[in-house]
Amino acid sequence: MAYLLVFLPLVASFIVGIFGRFLGDKISQLITCSFVLISSALSIYIFSDVAINSNTYNLKIFNWITSGGLVLNWSINIDTLTSVMLVVVTSVSALVHVYSVGYMSHDPDKPRFMSYLSLFTFMMLMLVTSDNFLQLFFGWEGVGLASYLLIGFWYKKPSANSAAIKAFVVNRVGDFGLAIGIFLIFKYTGSINFVDVFKAIPTLLDKNISMLGIEASLISFICIFLFIGAMGKSAQIFLHTWLPDAMEGPTPVSALIHAATMVTAGVFLVVRCSPIFEYSPFVLNIIVLVGATTAFFAGTIGLVQNDIKRVIAYSTCSQLGYMFFAAGLGAYHIAIFHLFTHAFFKALLFLGAGSVIHAFNDEQNMRHMGGVWKKIPYTYSLMIIGTLALTGFPFLSGFFSKDAIIETAYSSTSFFAGYAVTIGVLTAFMTSLYSWRLIFMTFHGTFNNKNISLSKVHESPAVMLVPLLFLALGAIFAGYAFKDYFIGSQFIQFWNNSIFFLKEFVLHHPPLWFLLLTPILVLLAIPLSYYFFVKDKKSLDSFIEINKPLYNFLVNKWYFDELYDFLFVKPAKKIGSFFWKIGDGTIIDGFGPDGLTKLIKSVSNKAVQFQSGFLYHYAFVILIGLSILLTYMMIF
Amino acid sequence: MENINFIYPEIFIAISILGLLMVGVFKTNSFNLVTKLTSFMFLITIPIVFLNSTVSMKLFSNNYIVDELSSFLKILILGSSAFALFFTDQYIKKNKLDKFEYPVLITTAILGMFVMVSSNNLIGLYLGIELQSLSLYVLASLNRDSTKSTEAGVKYFVLGALSSGLLLYGCSLVYGFTGSTNYYVIAENFSADNIALLFGLVFILIGLAFKISAVPFHMWTPDVYEGAPTSVTAFFALAPKVAGFGAIIRILYIAFGNVFDEWQSILIFISVASMILGAVAAIGQTNIKRLMAYSSISHMGYGLAGLATGINEGVTASVIYIFLYVVMNIGSFACILIMKRKDIYLENIRDLSGLSKNHPLVAFCLTVMLFSLAGIPPLAGFFAKFYIFMAVVKADLIILAVIGLVTSVISAFYYLRIIKIMYFDPEQEKFDPISSKGVKISLALSTLLILFYFLNPSILNFFVNLASKSVQ
């Protein structure tokens, strides 16, 4: 059954990818959707089996590498952590598959799109079901590839191509870190199977190594490199620049890969490696710092963006920051819980945004929207649900997970706990602000679109709305239904040792005023944003006018792209063009191929001219040859 | 006289020449008949040579040798000449060359070559060379109505006379200082301290190098190849090279075997010069016959590189090389003879453009030949070069091997250029349908041999090993 679960998407991808042209659009969509739906049904069954009945499985597919001490298997390893990821991946993927049937209805390359989606699903399943670092790395790179293919799906758009390349290259930085982490693990533990590595880690606590002139404990080095990998994939600050640009891909891709699943792989990695991270308080602190900073900085940028998908992308970035600092505080289960709930409401928001974009005939700028909530009531109400869940409106799923994170930060003794809790509350407020800004700018106010008349704005077909409905159900109830298992009274039995806690995890309940602080701020943000973005836009404009430098700073995304452009891209281009023009062109080509061919050509011309056709020339050459040889004989 | 049966092949050919002349003189329009008789004579001679192929006999007071090497080369000479006669029949008739002297001259040339490869005596060598050369001079100018052909004949004759003079002068020097023309006696009396003897050696080597068109004694080759009728050019590219090689091997390894150090550097010089010039000068050619001339110059360079090693492997490699060179040239010239539109034979490389569309099979065969000439695995030409380089490296002549490799890369350019023209350039009018059976059979046989040589290279290598042992 687990085999079916993992390999059905691959089979679907293969069939549709190779034969999609002959099968036609309808059959291709049918195959991929049905296979992934079966897969998601199986994963729900496995989830109940593993999580509720506390079973674990380790199925060996076949031996992959046996080389000296390195023994690796392709395997399907299922514990509670994996099964949670399985549910998230396959269910969101299945809904996105179905949604794509409607969303991509005008696209000529449907089979290719569906094939890529299924391929992505398979790679993600490989990643989460791995029992060793190499298979995880395989899945890690596989989802990176699928992400690249899907961001650049509309390959005729130059912006999509450059976004795809950017995503790939920035991820490479993270992957490099992950690879080094894995090398270190193999060098010092002699294995890269999770079980063996986790067993060996406690014996290496005192080991110090020196790298790049820095001497520190081995565990810290391993953790920092693994975390760099996680940062790349999960778009944390410094390595986040690819995620907003990745919105160039079709919206279902954004929902599946860049919100619900792939970008959470970094969180998954940290949680999966909790038996390593737990021994490095130093790196955990760094994770808290990076996570909290990301949450804050992405939230501030989200406040001023005008592209509907970019707002949600920065929101994703910000929420991933929450997950990381939860993990950094040692609350791995809460991080995963937030990952779980986030998958539902963020996918809902993205798909809802897709529905809006569809309604406006591919318009993404929120300033060209507005006033349409009556025309698209279903999308509107579903988006409201998503927004409420995201902002942590009481008793929706985001409320349980996000507040648990903030409470953890409050009660934690970690070095950066104070920083984290401040940022957590502040970012929750900002989240609410920009989310409602999105709703108000998109659906309320006056109709601002010049390309399409108000009457032409249409509701999306049922095939797009039904998946939204399922996600909305998840966004409403997932938090309440699973909070006891994930983070509540039963969390020890539920996780069943798939997460490692060095010290027993205890959550002190904060005072009541603190508990009420976040929800009140969140609720306050609603009228506030209504006032600024619908009621009285002039006061907003004057506010922007006053704080112009700050506004520019945010609109330009903290100038990260410009900074990287200056620091890395331009020098790299200069070095590249130096090596190309001078190194390759002038030196290598000049003296090598081009120079040689020129030389040979001129020699050849000489030789041909030499062949004059005159008999006495020929005889002369013979005699010259004769005298050369005779002279040689006399001298030597 | 009791051993006279070992020179039956030579005697048979000599008598046949007289007979063929009689037939030709007394019968009008006898070209067809004489050609048939000649072919028949070849067919009989090959088994006669073959009968003696495993013996090693010294005849006429050690002045004439019949051994494995000479038998192998003789069979190669006969076989290649037979092909050269066989696949040119159409061409000869179309160009009104069908005079009975044509096959007779080829036969006399063959007799000369037989003497060249078997002679163990300077006089014998000279006689063989002259008999061969005089026949070739006439053959080159056979198309006497064509200025090009007569020019080629005259040039060849004058330069050939010059080289013969050099050769003879060398012979006289060697004779004067060693007191004999017999190779064995020369070897005994040859002293490296005697500068006159070394001069003699150089003169003799130059005379022989001229015959196999090695640089810088190659100047006649492109002009003669281009000017002579294609059928004659094909013959020039085949048998005389084999004979020249046979003579060089015998004189270097037997008569001058003791002074290896003296002639090695000369051979290396000639070899390197041939490889480089053959590779470089061919690039500028537009006439395919001229191109083949330069190609053969460069291949002679590789063959000489094998001989320059002075070790058994080197001689073996050279003989294998010359054998495969002959096979590749048979195939290539068969393709050149196909280049005919409206009954006019074409010689420009551009005429091949788009051949792959009109005659895919011919294009494929020519591609195989050219790839093999360029030395691309797994074709036979690769092995030929491979053996040479192996031997050269074994003899510690690394620089020679490197130059050989570099020039083979350069020469790959012009072979590949022809392939590019055939496959990627716009197609032209079709060639005339191939009516000659000889061309078809020669092309098919040589392509098959080149293509599948790699399956069992040891068959050829076995015979060549036997042959090359006889000069050690």
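Residues numbered from 1 in each chain as written. Chains lettered and ligands numbered in written order. Predicted model: local features only at pLDDT ≥ 70, side-chain atom pairs only at ≥ 80, totals over all residues. Heavy atoms only, no water.

Details of the overall build of chain A
Right, on to step 1. Within chain A one finds 25 helices and 4 strands.
Right, on to step 2. The 636 residues of chain A split such that 57% are buried.
Right, on to step 3. By sequence separation, contacts in chain A at least 24 residues apart represent 79% of the contacts at least 6 residues apart. (Helix = DSSP H or I, 4+ residues; strand = E, 2+ residues; numbered from the N terminus. Buried < 20%, exposed > 50% of the residue type's maximum accessible area, 1.4 Å probe, protein only. Contact = heavy atoms within 4.5 Å.)

Here we look at the interface of chain B and chain A
Right, on to step 1. Counting from both sides, the interface comprises 34 residues of chain B and, opposite them, 20 residues of chain A.
Right, on to step 2. For the pair chain B and chain A, the summed buried area comes to about 2500 Å², and 83% of that belongs to carbon and sulfur atoms.
Right, on to step 3. The largest share of the area that chain B buries against chain A comes from Phe199(B), Met219(B) and Val280(B), three residues that together contribute 22% of it.
Right, on to step 4. For the side of chain B that touches chain A, the secondary structure elements donating two or more residues are helix H7 (147–178), helix H9 (195–211), helix H10 (220–227), helix H12 (260–282) and helix H13 (288–307) of chain B.
Right, on to step 5. Counting residues per element, the side of chain B that touches chain A draws most heavily on H12(B), which supplies 8 residues. (Buried area = accessible area lost by both parts, 1.4 Å probe.)

Details of the nonpolar core
Among soluble globular proteins, nonpolar side chains are generally buried collectively.
Right, on to step 1. Judged by nonpolar contacts, the single largest core of 204 residues is most densely connected at Phe133(A), Leu226(A), Ile276(A) and Phe277(A).
Right, on to step 2. The element that contributes the greatest number of residues to this core is helix H14 (residues 332–359) of chain A, accounting for 19 residues.
Right, on to step 3. When near neighbours in sequence (up to four residues on either side) are disregarded, Leu226(A) contacts Phe133(A), Gly177(A), Leu178(A), Gly181(A), Ile185(A), Leu269(A), Cys273(A), Ile276(A) and Phe277(A).
Right, on to step 4. Grouped together as the second largest cluster of nonpolar side chains are 186 residues, Tyr183(B), Ala228(B), Ile266(B) and Val471(B) included. (Core = buried A, V, L, I, M, F, W, Y, C linked by side-chain atoms within 4.5 Å.)

Some points on the environment of Lys199(A)
Right, on to step 1. Looking at where Lys199(A) falls in the secondary structure, it is placed in helix H6 (residues 194–200).
Right, on to step 2. Spatially, the C-alpha atom of Lys199(A) lies 8.7 Å from that of Pro275(A), the residues being 76 residues apart in sequence.

Some points on the pairing of strand S2 (residues 70–78) of chain A
All names here are of chain A.
Right, on to step 1. The buried count for S2 comes to 8 of 9 residues, which makes it a mostly enclosed element.
Right, on to step 2. Pairing between strand S1 (residues 57–67) and S2: 9 bridges, direction antiparallel. Looking across to S2, one finds that Tyr-57 is bridged to Ile-78.
Right, on to step 3. With antiparallel pairing between neighbouring strands as the criterion, S1 and S2 make up a hairpin whose turn holds 2 residues, including Gly-68 at a positive phi of roughly 60°. (Pairing = 2+ DSSP bridges.)

Some words on the packing of helix H3 (residues 110–129) of chain A against helix H4 (residues 133–151) of chain A
All names here are of chain A.
Right, on to step 1. It is the contact of H3 with H4, at a shortest axis distance of 7 Å, that shows an interaxial angle of 160°. The pairing of H3 with H4 is recorded here as roughly antiparallel in orientation. Seen along the crossing, H3 lies across H4 with a hand that is left-handed. Across the interface between the two elements, Phe-113, Tyr-116, Leu-117, Phe-120, Met-123, Met-124, Met-126, Leu-127 and Thr-129 from H3 touch Gln-135, Leu-136, Phe-138, Gly-139, Trp-140, Gly-142, Val-143, Ala-146, Leu-149 and Leu-150 from H4.
Right, on to step 2. A breakdown of the residues in the contact of H3 with H4 according to their chemical character gives 15 nonpolar, 4 polar and no charged. (Axes fitted to C-alpha atoms, helices over the stretch in contact; angles between N-to-C directions. Parallel < 35°, antiparallel > 145°, perpendicular 65-115°, else oblique. Left-handed = near helix turned anticlockwise from the far one by under 90°. Nonpolar A, V, L, I, M, F, W, Y, C, P; charged D, E, K, R; others polar.)

Considerations on the packing of aromatic side chains
Right, on to step 1. Following the criterion strictly, the structure yields 70 aromatic pairs over all chains and no others.
Right, on to step 2. Ring geometry for Tyr156(B) against Trp220(B): centres 4.5 Å apart, planes inclined by 15°, an arrangement best described as stacked. A residue pair is termed long-range when its members are at least 10 positions apart, and Tyr156(B) in helix H7 and Trp220(B) in helix H10 qualify at 64 residues.
Right, on to step 3. Tyr156(B) sits in the buried class, given a relative accessible area of 3%.
Right, on to step 4. Under the relative-accessibility criterion, Trp220(B) is labelled buried at 2%.
Right, on to step 5. Linked through ring pairs, Phe47(A), Phe337(A), Phe340(A), Phe344(A), Phe482(A), Tyr485(A), Phe486(A), Phe494(A) and Trp495(A) together constitute an aromatic cluster.
Right, on to step 6. The ring centre of Phe168(A) lies 4.4 Å from the NZ or CZ of Arg172(A), which sits over that ring.
Right, on to step 7. The lysine or arginine in question, Lys385(B), covers the ring of Tyr302(B), its NZ or CZ lying 4.8 Å from the ring centre. (Phe/Tyr/Trp six-rings, centres within 6.5 Å; stacked < 30°, edge-to-face > 60°. Lys NZ or Arg CZ within 6 Å of the ring centre and 35° of its normal.)

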